[in-house]
Amino acid sequence: MSKELTLKEVGSMFMEAQSLILCFHVNPDGDALGSSVGLARFLKQQGKDVRVFVDDVVNDFYKFMPDIEMVERPEVGTTYDVDLLVVLDASSKDRIGVVGECVKAKTILNIDHHVSNTKFADYLYLDTIAAATGEIMCDLFESMGWATDEKVATLFYTAIIMDCGSFKFSCTRPKTMRMAAKLLECGVQPDDIAEAIDTQKRSTMELLTKVLPTLTFAYGGRVAYIAITNDLYDKSVHTDNFVNYARYIEGVDVAFMVKAVESSVIRVSLRSNKTVDVSEIALGFGGGGHKRASGCTIYASIEEAIKQVLDALGKVL
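All figures in this text were calculated on a predicted structure; none of them were measured in a lab. (Residues numbered from 1 in each chain as written. Predicted model: local features only at pLDDT ≥ 70, side-chain atom pairs only at ≥ 80, totals over all residues. Heavy atoms only, no water.)

A word on the packing of helix H5 (residues 150-163) against helix H6 (residues 174-184)
Two quantities define a packed helix pair, namely the angle between the helix axes and the distance between the axes.
Thought 1: Between H5 and H6, the shortest axis-to-axis distance is 9 Å and the interhelical angle comes to 155 degrees. The angle between the axes of H5 and H6 places the two elements in the roughly antiparallel class. Note on packing geometry: the crossing formed by H5 with H6 is left-handed. Residues Ala 153, Phe 156, Tyr 157 and Ile 160 of H5 touch H6, and the partners they reach there are Thr 176, Ala 180, Leu 183 and Leu 184.
Thought 2: Taken together, the residues of the contact of H5 with H6 sort by class into 7 nonpolar, 1 polar and no charged. (Axes fitted to C-alpha atoms, helices over the stretch in contact; angles between N-to-C directions. Helix = DSSP H or I, 4+ residues; strand = E, 2+ residues; numbered from the N terminus. Parallel < 35°, antiparallel > 145°, perpendicular 65-115°, else oblique. Left-handed = near helix turned anticlockwise from the far one by under 90°. Contact = heavy atoms within 4.5 Å. Nonpolar A, V, L, I, M, F, W, Y, C, P; charged D, E, K, R; others polar.)

Here's the deal with unusual backbone geometry
Where the residue is not glycine, phi is negative for most of them; where a peptide bond is considered, it is trans in most cases.
Thought 1: In this structure, Asn 27 takes a positive phi of about 55 degrees despite not being glycine.
Thought 2: Residue position: Asn 27 is located in the loop between strand E2 (19-23) and helix H2 (30-45).
Thought 3: Judged by its relative accessible area of 27%, Asn 27 is partly exposed. (Buried < 20%, exposed > 50% of the residue type's maximum accessible area, 1.4 Å probe, protein only.)

Quick word on the packing of aromatic side chains
Thought 1: Per the counting criterion, the structure on display carries 8 aromatic pairs.
Thought 2: For the pair Phe 141 and Trp 146, a centre-to-centre distance of 5.2 Å together with 85 degrees between the ring planes defines the contact as edge-to-face. Each member of the pair, Phe 141 as well as Trp 146, is classed as buried. (Phe/Tyr/Trp six-rings, centres within 6.5 Å; stacked < 30°, edge-to-face > 60°.)

Structural notes on the sheet that holds strand E5 (residues 80-88)
Thought 1: On the basis of which strands lie adjacent, the open sheet formed by 7 strands has the order E1-E7-E6-E5-E2-E3-E4 and parallel pairing. Edge positions in the sheet fall to strand E1 (3-4) and strand E4 (71-72), since each of these pairs with one other strand and no more.
Thought 2: Both E2 and strand E3 (residues 49-53) contribute to a ladder of 5 bridges, which runs parallel. Each bridged residue has a counterpart across the sheet, and for Ile 21 the counterpart in E3 is Arg 51. (Pairing = 2+ DSSP bridges.)

Comments concerning helix H8 (residues 202-211)
Thought 1: Along H8, the positions that sit buried rather than exposed are Thr 204, Leu 207, Leu 208 and Val 211. Along the long axis of H8, the arc covered by the buried residues comes to 105 degrees, so they all point the same way. When the buried face of H8 is taken as reference, the exposed residues oriented beyond 90 degrees from it are Arg 202, Thr 209 and Lys 210.
Thought 2: Of the surrounding elements, those touching the buried residues of H8 are strand E9 (223-228) and helix H9 (244-247). (Arc of directions from axis to C-beta.)

Focus: the pairing of E3
Thought 1: Between the parallel pair E2 and E3, the chain is carried across by H2, and the sense of this crossover is right-handed.
Thought 2: With 2 bridges joining them, E3 and E4 adopt parallel strand pairing. In the strand pairing of E4, Val 52 is matched with Val 71. (Right-handed = clockwise from strand over helix to strand, strands pointing away.)

None of this, on its own, says anything about what the molecule does.
Put into structure tokens, the structure is as follows:
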């Protein structure tokens, strides 16, 4: 069980550590990347020895983000000794993959906003009301009086808007909007970021045309799902938003996408309306997330993974 800290205590922990590794969940999204790289950029400016790890490949979709080249994949079999391992935007240790095995840290700190957090680290700062981990970063910087340059502000702004759907999701609060306004004052160009996010590669649209025919309904139309099979999967294609094509259909309460990244490794993205807590479904498979947006990995065939998810949903619908 983690000891929960205040923001001031978190800030002090960063200042006291000299060597740090920041990491986040596999299949990284804009919030995980923006909050981690933004924090790493600032800590490097303070003279800290900082590296950013993820046990996965960062999709080219995120190449518009400043300093994204800072993110690296740890080498399996190599041991990394540091003062502090900081796990951001991940609710359980298994979500960080081999990073949890190869990094030997004196202390592990977890900064997160997911209701499914398992309190696995030595220390924890958890704010389940925050729209994004990027929002927590803004709180931390304000609490500590740390300066935010244009690149750090751009990273935090990107983290926030990508986790709250450009302020469309229910997690958006007045505070979220005020934080965004402050980041704009630091030089963030919202039109450039919006254009980078909305512009899709031709390969993405071509894959989407192949995935949409897999759209299937269950439980009288209350559930809709799509599938990216092994023969369709392309790790270079950004598919995070594909699940929304199943979600935004009249009558659908829960939508999910299954993606076969290997023959028996299926990543599941779950989305819901206000009546179903999909974080509980994801947690049952060792994943986690939010009430209306969660994910997990199922080690089975894609057909079996679909069956397991449908069975779990049937118990709550």
